[in-house]
Amino acid sequence: MTDDLTFMRRAIALSLECVGGDEGPFGAVVVHNGKIVGEGVNCVVPTGDPTAHAEIVAIREACRALRTHVLDGATIYTSCEPCPMCLGAIWWARIAEIVYANDRADAAAIGFDDDAIYEEVAAPLDRRKLPIRRMSADEALEVFKAWAAKPDKVPY
């Protein structure tokens, strides 16, 4: 419990550092084997990168530090419940646990509302607000077949 509190306090401290600048008020740390291996703050505005959320930045740093794309056994501590994009990245990184402080309702109350994204993802394709359509599936499937037959592929 003491380590959990220490790691969460670091994530919150990172989020507080952002309040004075152009970054959003979010911080995250990735912990593996009891050590922080990645830290991140929301830097969407200063980098011009809409994917540069605190969790994504922390995951990227952790992967670089550990020289892997798989963070099995790691825990991510984040100052706020992860948005759908960050949740997807956490799943892809195979992080074992998420610990968060503020929830998505708290984020919505200060202008960071992800409800539309949650609703969009849950909607059938033909009822989504953002148009989505499929084309050239036969051609693209050939690439997938080549990948499936590749003997030296690195799974992820």
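Residues numbered from 1 in each chain as written. Predicted model: local features only at pLDDT ≥ 70, side-chain atom pairs only at ≥ 80, totals over all residues. Heavy atoms only, no water.

Visitor: Explain the packing of helix H3 (residues 54-66) against helix H4 (residues 84-92) to me, please; I cannot follow it from the model alone.
Guide: When two helices pack together, their arrangement is captured by the angle between the axes and the distance separating the axes. Look at H3 against H4: their axes get within 9 Å of each other, and the N-to-C directions meet at 20°. Viewed along their axes, H3 and H4 adopt a mutual orientation that is roughly parallel. In terms of crossing hand, the pair formed by H3 and H4 is left-handed. For the pair H3 and H4, contact is made by Glu55, Ile56 and Ile59 and by Met85, Cys86, Ala89 and Ile90, respectively. Considered class by class, the residues forming the contact of H3 with H4 number six nonpolar, no polar and one charged. (Axes fitted to C-alpha atoms, helices over the stretch in contact; angles between N-to-C directions. Helix = DSSP H or I, 4+ residues; strand = E, 2+ residues; numbered from the N terminus. Parallel < 35°, antiparallel > 145°, perpendicular 65-115°, else oblique. Left-handed = near helix turned anticlockwise from the far one by under 90°. Contact = heavy atoms within 4.5 Å. Nonpolar A, V, L, I, M, F, W, Y, C, P; charged D, E, K, R; others polar.)

Visitor: I tried to follow the pattern of salt bridges on my own but got confused; where do I start?
Guide: A pair can form between side chains of opposite charge whenever their charged atoms are brought close. For the structure on display, the rule yields six salt bridges. For Arg10, the salt bridge goes to Glu39, with nearest N and O atoms at 2.8 Å. Within this pair, whereas Arg10 is found in helix H1 (residues 2-18), its partner Glu39 is found in strand S2 (residues 35-41), the two being separated by 29 residues in sequence. The exposure class assigned to Arg10 is partly exposed, which follows from its relative accessible area of 28%. According to the relative accessible area criterion, Glu39 is partly exposed, its value standing at 23%. Of the charged contacts, one joins Asp115 and Arg104 as a salt bridge, the two residues approaching to 3.9 Å between their closest N and O atoms. (Salt bridge = Lys/Arg side-chain N within 4 Å of Asp/Glu carboxyl O. Buried < 20%, exposed > 50% of the residue type's maximum accessible area, 1.4 Å probe, protein only.)

Visitor: Help me understand the nonpolar core, please; the structure alone is not making it clear to me.
Guide: For soluble globular proteins, the rule of thumb is that nonpolar side chains tend to be buried together. Within the largest apolar cluster, 21 residues are counted, with the highest numbers of intra-cluster contacts made by Val30, Ile59, Leu71, Ile76 and Ile95. For this core, the elements supplying multiple residues, two or more each, are strand S1 (27-32), H3, strand S3 (75-80) and H4. Residue contributions to this core peak at six residues, all from H3. Core analysis: the second largest hydrophobic core is formed by seven residues, Met8, Ala11, Leu14 and Val29 among them. (Core = buried A, V, L, I, M, F, W, Y, C linked by side-chain atoms within 4.5 Å.)

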